[in-house]
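# Geometric and topological summary
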Amino acid sequence: MGEFVNLEVSDGVGTIRLDRPKMNALNMQVQEELRAAAHEATARDDVKAVVIYGGERVFAAGADIKEMADMSYTDMVDRSAGLQSAFTAVADIPKPVVAAVTGYALGGGCELALCADIRIAADNATLGQPEILLGIIPGAGGTQRLTRLIGPSKAKDLVLTGRFVKADEALALGLVDRLVPAGEVYAAAVEWASQFVGAASYAVRAAKEAIDRGLEVDLRTGLEIERMQFAALFATEDRTIGMESFQANGPGKATFKGA
């Protein structure tokens, strides 16, 4: 159990909950507690999908500027790898992950949301990468994950200007995937995550890994990653269950074991 970040599990859905008032500033302690929560969510068999949530008022307003302001170049050389790897631990959770975005998701908060597979946001949420306004650039994946998500020209517009993006524009850009009323964000995220409870867990994991790894390589290598993941699933019990159920009852009726 962390001081500011915890993993709460209910009915197969794990919620990585940020709770560092007032704005969930992502200082080094929060970063390391995020890493620990991500590793726990990865390891626990009773967690089938994950919601990242900062509470009803704010997702995360960014890094702790007071902490960073006193850091030297060598301080950040020593810390920057840990910063990135803490966020990557969230991105590497081998289960479906949804960010439930309320209020502000700025700087590191936006970068944390980018680590999820999808983002469900409040219709009054605000997102952005304003690091340029501090004389720096995103350092926890913003220049890379944002570009892969919405394309280079749109990413450059946001990163180079540092401007804030309201929810409707974020949806149009593809920065978020769905907008709901502010009071319904967490419930909508849990509803999305819950569909993977009882799913063929190893197939879901293989699909996520094939997509994520495929984005890092050329098409031919990506196809080989897909082929190997596809073939490997024929060693799982769920593949047998799924195909037998399809032949007997049609699609969507299998009861998987997650094995």
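Shown above is the structure to which this text applies.
Residues numbered from 1 in each chain as written. Predicted model: local features only at pLDDT ≥ 70, side-chain atom pairs only at ≥ 80, totals over all residues. Heavy atoms only, no water.

As a further point, take the nonpolar core. By size, the foremost hydrophobic cluster in this structure holds 63 residues, and its most contacted members are I16, L18, L34 and F59. The leading source of residues in this core is helix α3 (residues 73-91), at six residues. (Core = buried A, V, L, I, M, F, W, Y, C linked by side-chain atoms within 4.5 Å. Buried < 20%, exposed > 50% of the residue type's maximum accessible area, 1.4 Å probe, protein only. Helix = DSSP H or I, 4+ residues; strand = E, 2+ residues; numbered from the N terminus.)

This paragraph deals with the packing of helix α1 (residues 28-43) against α3. The relative placement of two packed helices is expressed as an angle between their axes plus a distance between the axes. Relative to each other, α1 and α3 sit at 35°, their axes nearing to 8 Å. For α1 against α3, the interelement crossing comes out left-handed. Touching M28, Q31, E32, L34, R35, A38 and H39 of α1 are R79, G82, L83, S85, A86, F87, A89 and V90, all from α3. Residue classes in the contact of α1 with α3 are distributed as eight nonpolar, four polar and three charged. (Axes fitted to C-alpha atoms, helices over the stretch in contact; angles between N-to-C directions. Left-handed = near helix turned anticlockwise from the far one by under 90°. Contact = heavy atoms within 4.5 Å. Nonpolar A, V, L, I, M, F, W, Y, C, P; charged D, E, K, R; others polar.)

Our next topic: a nonpolar patch on the surface. A surface patch of nonpolar side chains, amounting to about 290 Å² of accessible area, comprises M23, Y104 and F164. Here M23 shows up in the loop between β2 (13-18) and α1. Taking relative accessible area as the criterion, M23 reaches 37% and is therefore assigned partly exposed. (Patch = residues over 30% accessible without salt bridge, like charges linked within 9 Å, V, L, I, M, F, W, Y side chains within 5 Å. Areas by Shrake-Rupley, 256 points an atom, 1.4 Å probe, with all protein chains shown as cover. Salt bridge = Lys/Arg side-chain N within 4 Å of Asp/Glu carboxyl O.)

If you walk across this open sheet you meet the six strands as β1-β2-β3-β4-β6-β9, and the pairing is mixed. At either end of the open sheet lies a strand with only one pairing partner, and these are β1 (5-10) and β9 (178-180). On average, each strand axis in the sheet is tilted by 20° relative to the strand beside it, whichever way the strands run. Strand direction decides the pairing type here: strand β3 (residues 49-53) and strand β4 (residues 97-101), joined by four bridges, are parallel. Paired with Y53 across the two strands is A100, which belongs to β4. (Pairing = 2+ DSSP bridges.)

Throughout the structure, instances matching the rule amount to three aromatic pairs. Seen in terms of ring centroids, F230 and F234 are 5.4 Å apart; in terms of plane orientation they differ by 75°. Their pairing is edge-to-face. Lying across the ring of F4, R20 places its NZ or CZ 5.5 Å from the centre. (Phe/Tyr/Trp six-rings, centres within 6.5 Å; stacked < 30°, edge-to-face > 60°. Lys NZ or Arg CZ within 6 Å of the ring centre and 35° of its normal.)

On to the environment of A203, then. Topologically, A203 is positioned in helix α9 (residues 201-214). The exposure class of A203 is partly exposed, given its relative accessible area of 32%. Residues A203 and G109, 94 residues apart in the sequence, show an inter-C-alpha distance of 30 Å.

This paragraph deals with the side chain of R79. Along the polypeptide, R79 turns up in helix α3. With residues near it in sequence (within four places) discarded, R79 still touches M28, Q31, E32 and M71.

A word on the pairing of β3. Where burial is concerned, most of β3 is hidden: five out of the five residues are buried. The alternating pattern of β3 places A49, V51 and Y53 and V50 and I52 on opposite faces, both of which are buried. As paired elements, β2 and β3 share five bridges and run parallel to each other. The residue of β3 that forms the bridge with R17 is Y53. Assessed by its sense of winding, the connection that carries the chain from β2 through α1 to β3 is right-handed. (Right-handed = clockwise from strand over helix to strand, strands pointing away.)

Two faces make up the sheet, and in a regular strand the side chains alternate between them. In terms of burial, strand β6 (residues 118-122) is a largely internal element, five of the five residues being buried. In this structure, β4 lies alongside β6, joined through four bridges in parallel fashion. Its bridge partner lying in β6, A100 is registered against I120. Pairing geometry for β6 and β9, over three bridges, is parallel. Across the sheet, residue A121 finds its bridge partner in β9, namely L179.

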